[in-house]
Amino acid sequence: MTRAVRVLLAGALTAAALTAATPARAGAEAITWGDCPPGTSAGERCGTIAAPLDHARPAGERIRVGVSHVAATGTAAERQGILVVNFGGPGASSVGSMAALAGGLPERVRRAYDLVGFDLRGRGTSTRVECVDTETFGRAPKPDPAAARTRAAHRAATRAFAGGCRAAAPDLLPHLSTRDIARDLDLVRAAFGEERLTFLGYSYGSYLGAVYGQLFPSRVHRMLLDSLVDPTRVWYETGFLQARAFHARHRDWAEWTAERADRYHLGATRAAVLASWDRLRARLAAAPAGGVFGGVELDQYTIGNLYTDQDWPSLSAALAGYDAGDPGPLIAAKRPATAEAVNFESVFQTVSCADAPFPADEATFERDMVRLRARYGALGAAIASPGACLYLQTNTAPPTRIDGAGLPGVLLIQSVGDPATPYEGALNLHAALPSSRLLTVRGNGNHGHYLVDGPCVDDRGTAYLVDGSLPETDIETECDGALPEPNTRSLGVVRPHR
């Protein structure tokens with residue numbers, strides 16, 4: 001396959017079955033309904049609206065923004081409007097997921113709200129950006145940005161990715177900031193004929209919600225933000241907080257694994273398990289398993305399995321198997337690259353690069369990577385890497401300042417031990433939203449809580465969404481702290497990103 005760098009219109013997914021547009025209120029964009037993505041459950045309608053490429057030029061070039069809809073199950077008297085959901089990223093798609101989500105929602109929420117999926121510009125069923133082809137994206141093993149012998153190769157690969165983004169979407173790149181996405185979200189609200197919306201945002205979705213609330217506070221009915229991004233450190237410095245938090249969570253995993261030494265044989269103490277992890281990473285870096293799973297792949301695999309303690313058994317078992325001579329689980333974890341994976345990574349990078357300034361020189365980046373690796377190990381350097389933004393800075397303006405003026409009451413949910421959105425940053429978002437109340441989750445360090453942790457969180461979240469009930473002050477909840485035993489797995493509804 002030739003190296004394709006291109007923007008794909010979402011219309012390519014739906015052109016075969018477009019129907020008449022849904023009439024909208026005067027001044028609002030009409031929804032053009034069509035096919036849903038493959039695998040969408042019954043009961044969900046999918047379509048697109050038109051949005052300005054540049055919101056400062058509303059009569060200029062247009063792009064498509066993907067939406068989907070699942071009707072509320074309650075009576076007209078029970079219905080409270082639309083609940084728009086963002087699962088994180090930036091880049092997690094929600095179009096095609098609303099019917100599946102509906103099956104996990106409390107009945108009171110289903111009766112009160114139509115569910116609305118919304119794909120960020122650049123992603124999914126919206127006008128797409130894809131910075132590389134699948135063959136290039138899937139090449140492995142990947143070079144280590146913090147290792148001297150592979151640093152030049154990492155720079156070359158990153159420059160190539162950034163160049164692909166510029167070639168694919170030169171007009172779109174400057175307009176991929178969260179401010180632009182929030183303005184798209186307001187067009188979605190209007191297209192569904194609603195004066196206000198209710199928003200459920202996980203991870204990056206918490207930042208999108210905060211920016212939307214800053215721009216359009218009077219158009220918010222309710223807003224539940226879960227696993228909270230620090231709005232004062234977007235995005236480069238967020239990586240520094242994450243490096244420290246993932247380092248701590250890695251140590252928690254090692255403690256859990258050490259307590260099961262008779263099962264995993266990676267060591268009987270936390271220090272011994274961490275030493276085994278370092279030893280196995282060095283082996284993989286020197287001789288990647290199956291030729292595809294090297295040290296960087298282990299970094300990424302470990303980080304992914306630290307988002308929730310429900311995944312710890314998988315991580316421990318895969319490492320134990322590799323240490324005993326079976327690399328199969330690790331090789332299987334290196335899934336083939338797909339167009340959707342390329343699209344997600346392209347949006348993740350380009351939105352991050354459009355949101356706020358990153359270091360403009362290689363020396364700063366390399367100095368930070370070496371410092372983080374020395375302090376927090378390979379995971380610290382991996383999680384804090386700025387990726388393509390070193391070569392793909394599309395915005396030098398500061399990020400949106402959040403002060404929460406005019407917002408109704410907001411419910412925030414955050415775990416103390418969450419490594420992806422550390423608690424310190426969550427406190428900064430809470431301070432920036434004076435009308436918010438913070439529900440602190442203790443007993444786990446997971447990323448994403450509402451619809452995942454059970455009644456300890458869901459009862460409060462549902463009461464807020466349906467009744468508007470907020471606690472008078474910040475509160476804490478103790479969720480089941482029992483960590484999983486081997487051969488169990490999570491059945492969580494969502495898996496947020498960032």
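Above this note sits the structure.
Before going into details, it helps to say that this report is about the structure given with it. Once a new chain begins, its residue numbering starts again from 1 and follows that chain's sequence as written. Reporting of local features is limited, given that this is a predicted model, to residues whose pLDDT is at least 70; pairs of side-chain atoms are given and counted only at 80 or more, and all residues count toward the totals for whole chains, interfaces and linings. With hydrogens and water set aside, each side-chain value is computed from the structure's full complement of heavy atoms.

**What about the overall build of the chain?**
What counts, and what does not: What counts as a helix is a DSSP run of H or I of at least four residues, what counts as a strand is a run of E of at least two, and both are numbered from the N terminus. Just to be clear, the radius of gyration here is over C-alpha atoms, and the globule rule we use is 2.2 Å times residues to the power 0.38. Each residue gets one of three labels from its accessible area relative to the maximum for its type: buried under 20%, exposed over 50%, partly exposed in between, using a 1.4 Å probe on protein chains only. The protein chains shown are the only cover counted for residues, whose accessible areas, like all others here, come from Shrake-Rupley with a 1.4 Å probe. His residues and chain termini do not enter the charge count, which takes Lys and Arg as positive and Asp and Glu as negative. Think of each charge as sitting on NZ of Lys, CZ of Arg, CG of Asp or CD of Glu.
Helices and strands together make up the secondary structure of the chain, namely 17 helices and 11 strands. For the chain, whose C-alpha radius of gyration is 22 Å, the value lies close to the compact-globule estimate of 23 Å for 498 residues. Projected onto the principal axes, the alpha-carbon positions of the chain cover approximately 65 × 50 × 40 Å. The burial tally for the chain puts 56% of its 498 residues in the buried class. Accessible area of the chain: about 19,000 Å², with a carbon and sulfur share of 53%. Across the chain, 50 positive and 53 negative side-chain charges occur, with their mean positions spaced 4 Å apart.

**Section: the pairing of strand S5 (residues 81-86)**
Worth spelling out the cut-off: By the convention used here, strands pair only if DSSP detects at least 2 bridges between them.
A large share of S5 lies buried, amounting to six of its six residues. The pairing of S5 with strand S6 (residues 113-118) spans five bridges and is classified as parallel. Following the sheet pairing, Val84 is matched in S6 by Val116.

**Quick look at the packing of helix H8 (residues 236-258) against helix H10 (residues 270-286)**
Our working definition: Here an angle of 0 to 180 degrees is reported between the N-to-C directions of two axes, which are lines fitted to C-alpha atoms, with helices fitted over the stretch in contact. Roughly parallel means an angle under 35 degrees; roughly antiparallel, over 145; roughly perpendicular, 65 to 115; everything else is oblique. In this scheme, a crossing is called left-handed if the near helix is turned counterclockwise away from the far one by less than a right angle; it is called right-handed if the turn is clockwise. In this analysis, two residues are considered to be in contact whenever any of their non-hydrogen atoms come within 4.5 Å of each other.
Running from amino to carboxyl end, H8 crosses H10 at an angle of 110 degrees, the nearest separation of the two axes being 8 Å. On the basis of their axis angle, the class for H8 and H10 is roughly perpendicular. By crossing handedness, the relation of H8 to H10 is classed as right-handed. Counted together, His250, Arg251, Trp253, Ala254, Glu255, Thr257 and Ala258 of H8 and Arg270, Val273, Leu274 and Trp277 of H10 form the full contact between these two elements.

**Observations concerning empty space enclosed by the protein**
Which entries qualify depends on this criterion: Every definition here rests on a 1 Å grid over the protein atoms only: cavities are sets of points where a 1.4 Å probe fits but cannot get out, pockets are open sets enclosed by protein on both sides within 12 Å along at least five of seven lines, and lining residues have some atom within 4 Å of a point. Grid points are joined across faces, edges and corners, and a volume is the space filled by probe spheres set on the points.
Enumeration over the complete set of coordinates arrives at one cavity of 30 Å³ or more. Empty space within the largest cavity amounts to approximately 70 Å³. As for the largest cavity, its lining consists of 11 residues, of which Val229, Asp230, Thr238, Thr421 and Pro422 are closest to the centre. Of the residues forming the lining of the largest cavity, the biggest block, three residues, is contributed by H8.

**Here we look at the environment of Pro357**
Examined against the element boundaries, Pro357 turns out to sit in the loop between helix H14 (339-355) and helix H15 (362-384). A C-alpha to C-alpha distance of 9.6 Å links Pro357 and Leu390, two positions 33 residues apart in sequence. In contact with Pro357, not counting residues within four places along its chain, are Gln393, Asn395, Thr396, Ala397 and Pro398.

**A look at the state of the cysteines**
The condition that has to hold: The disulfide definition used here is simple: a pair of cysteine sulfur atoms within 2.5 Å.
As enumerated under the stated definition, the model contains four disulfides in all. Linked covalently through their sulfurs, Cys131 and Cys165 form a disulfide whose S-S length is 2.0 Å. On the S-S bond that ties Cys131 to Cys165, the torsion sits near 105 degrees, and the link is right-handed. Highlighted residues: Cys131 in the loop between S6 and helix H4 (134-137) and Cys165 in helix H5 (residues 151-168), separated in sequence by 34 residues. On the accessibility criterion, Cys165 (0% relative accessible area) is buried. With its bonded cysteines labelled in order along the sequence, the chain shows the pairing 1-2, 3-4, 5-6, 7-8.

**Structural notes on the pattern of salt bridges**
The condition that has to hold: The term salt bridge refers to a pairing of a side-chain nitrogen on Lys or Arg with a carboxyl oxygen on Asp or Glu at a separation within 4 Å.
Under the counting rule described, the total for this entry stands at 30 salt bridges. Measuring nitrogen to oxygen at the nearest pair gives 3.4 Å for the salt bridge that ties Arg401 to Asp403. Given a relative accessible area of 63%, Arg401 falls into the exposed group. Close ionic contact of Arg442 with Glu476 constitutes a salt bridge, the shortest N to O distance being 2.9 Å. Here Arg442 is found in strand S10 (residues 436-442), whereas its partner Glu476 is found in strand S11 (residues 475-478), with 34 residues between them in sequence. Salt bridges linked by common partners bring Asp230, Arg233, Glu237, Arg244 and Glu424 together as one network.

**Observations concerning the packing of aromatic side chains**
For clarity, the cut-off: The pairing test for Phe, Tyr and Trp rings, Trp by its six-membered ring, is centres within 6.5 Å, and the orientation test on the planes gives stacked under 30 degrees, edge-to-face over 60, and tilted for anything in between.
According to the stated counting rule, one finds 12 aromatic pairs in the structure shown. Aromatic pair Trp33 and Phe192: ring centres 6.4 Å apart, planes at 70 degrees, arrangement edge-to-face. Placement of Trp33 in strand S2 (residues 31-34) and of Phe192 in the loop between helix H6 (178-191) and strand S7 (197-203) is noted, with a sequence separation of 159 residues between them. Owing to a relative accessible area of 17%, Phe192 belongs among the buried residues under this scheme. Judged by centre distance (6.0 Å) and plane angle (35 degrees), the ring pair of Phe344 and Phe348 falls under tilted.

**Here we look at the nonpolar core**
Going by this rule: We call a set of buried residues a nonpolar core when its members are Ala, Val, Leu, Ile, Met, Phe, Trp, Tyr or Cys and they connect through side-chain atoms within 4.5 Å of each other.
Core analysis: the largest hydrophobic core is formed by 135 residues, its most contacted members being Leu225, Trp253 and Tyr450. Among the elements that make up this core, the one with the highest residue count is H15 (nine residues). Those residues in contact with Tyr450 that sit more than four places away from it in its chain are Pro106, Val109, Leu200, Tyr202, Leu224, Asp226, Ile413, Val457, Asp458, Gly461, Thr462 and Leu465.

**Re the environment of Thr302**
For Thr302, the position within the fold is in helix H11 (residues 295-305). The class for Thr302 is buried, based on a relative accessible area of 0%. A sequence separation of 128 residues divides Thr302 from Pro174, and the C-alpha atoms of the two residues are 33 Å apart. Apart from the residues within four sequence positions on either side, Thr302 is in contact with His250, Trp277, Leu315 and Leu379.

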